[in-house]
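Close look at the chain arrangement
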Amino acid sequence: MKYVLEILPALLSGMKLTLGVFFLTLIGSIPLGMLLSVGLMNKAKNILGKLINWFLTAYVWLFRGTPLLLQLIFVFYGLPLIGIVFDRFNAAIFAFILNYAAYFAEIFRGGFGAIEEGQFEAATVLNLTRWQTLRYVVIPQVLKIVLPSMGNEIINLVKDSSLVYVIGLGDLLRAGNVATARDVTLVPLVLVGAIYLIMTALLTWAQKKVEKSFSYYR
Amino acid sequence: MLELKNIAKSFNNQAVLADIDLTIENHKTLAIVGPSGAGKTTLLRIIAGLSAADAGEFTWQGKATTPQQLRKDGVIGVVFQGFELFPNMTVLKNITLAPTLQGVSVEEADKRARDLLEQLDLPDQADAYPFSLSGGQKQRIAIARALALKPEILLYDEPTSALDPNLRHSVANLINAFKAQGMTQVVVTHDMEFAQEVADTTFTVKKLGGER
């Protein structure tokens, strides 16, 4: 127990970085993903619309199609070779936001696609503006549809955040690994596992709560 | 009086409507009938401004206009075949959303909505969500939602097709009751018997290009 208290400050400071990556990634990638999904759905027939659509499709393909670990390494170790230098933390946030935005864009695209054309038409004949239609009719319904998949991604993000280890950031996992190597004991790694479990359990609970708050209609 | 002249519409070079001349008389009920696939609903969608005609003219109370303009001026109300209530809102909110967004005070919109619900025999459903309602109730909410904007003309797309057959008669009674109040109505239906029950005039849309 004494040993646990001894290493806990180091683990908690690692957890702080983990949570920093987690929240900054969410704050950046959810709005960006929503924006990208709107771009992915645009069916504009002009050359600019097609170009945007092609670009966004390629973006999603690239970021969903390659490992996040590779993207992290590429941003932090690769980009400096062509003169683009990030510090460790910014490199991590940059790669995570771009990666998660691609997933969120696909989730939102699916959500928007599930709203029937009739809902838009009903809003049109009631003289709602485009924005009013989104704000009052479409987005609330999309949120309900995407909640389960969003929850999955967000829980994944807690665990994925440990990938920042590879670019030398002192996250929760690194703190545990350092203590294990130094003190030759399994305790730190077990503790790290327990902390991840607590974080994901809290998120699972929050996810259920939020889903329940949307269950007043079907 | 809304007049349509020489309305034409085709999809993928396949003509659906051609040379349609149609007059919607004030305070009357017009039934648009015809075989399925003839373009009845397309015609209704053109009047509602949901689908653009390839050609044709619109005259409202003697002045040239467009369906988009009519919609902006709140002339047209639509009751969809599938009702298209907003599932995320209560019945009351479904009815008051558009009026309040267009500047009517919440109190006034609420009062009008409750009056409409009373009139449509649904006074206890104001706080219900659409999923808990029957088809007939949903339809009456959809009618209330359209009427809340005080349209001059109310369009119905196949009002009997999504309902229990024995509700057909009560829908007809409702439409006739609105007519007695001076409402102008257009009913698209494939049900000739129903059309005869409600219509002052009947307009038949013929299928173009023969049977396929």
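Residues numbered from 1 in each chain as written. Chains lettered and ligands numbered in written order. Predicted model: local features only at pLDDT ≥ 70, side-chain atom pairs only at ≥ 80, totals over all residues.

Some points on the confidence of the model for chain B
What counts is decided by this rule: Known as pLDDT, the predictor's per-residue confidence is scaled from 0 to 100.
Scored by pLDDT, chain B comes out at a mean of 92, with 98% of its residues at no less than 70. Across the interface, the model reports ipTM at 0.92; the global pTM reads 0.85.

As for the interface of chain A and chain B
Selection criterion: Contact criterion: two residues are in contact if their C-beta atoms, reconstructed from the backbone, are within 7 Å. A helix here means a DSSP run of H or I that spans at least four residues, while a strand means a run of E at least two residues long, and both kinds are numbered starting from the N terminus. When residue character is reported, Ala, Val, Leu, Ile, Met, Phe, Trp, Tyr, Cys and Pro are called nonpolar, Asp, Glu, Lys and Arg charged, and the others, Gly included, polar.
Between chain A and chain B, the residue contacts involve 17 residues of the former and 19 residues of the latter. Elements represented by at least two residues in the side of chain A that touches chain B include exactly helix 5 (117-125) and helix 6 (130-160) of chain A. Ranked by the residues each element gives to the side of chain A that touches chain B, the list is headed by helix 5 of chain A, at 6 residues. Class assignment for the residues of the side of chain A that touches chain B results in 9 nonpolar, 6 polar and 2 charged.

With respect to unusual backbone geometry
Note on backbone geometry: most residues besides glycine have negative phi, and most peptide bonds are trans. All names here are of chain B. Put simply, the test is: Between the buried cut of 20 or more and the exposed cut of 12 or fewer other C-beta atoms within 10 Å of a residue's own C-beta lies the partly exposed class, and all C-beta atoms are placed from the backbone.
Look at His27: it is not a glycine, yet its phi comes out positive at around 60 degrees. Checked against the element boundaries, His27 lands in the loop between strand 2 (14-24) and strand 3 (29-33). Judged by the 14 C-beta atoms lying within 10 Å of it, His27 is partly exposed. The backbone of Asp121 shows a phi angle near 70 degrees, a positive value even though the residue is not glycine. By secondary structure assignment, the location of Asp121 is in the loop between helix 4 (106-119) and helix 5 (135-147). With 13 C-beta atoms packed within 10 Å, Asp121 lands in the partly exposed category.

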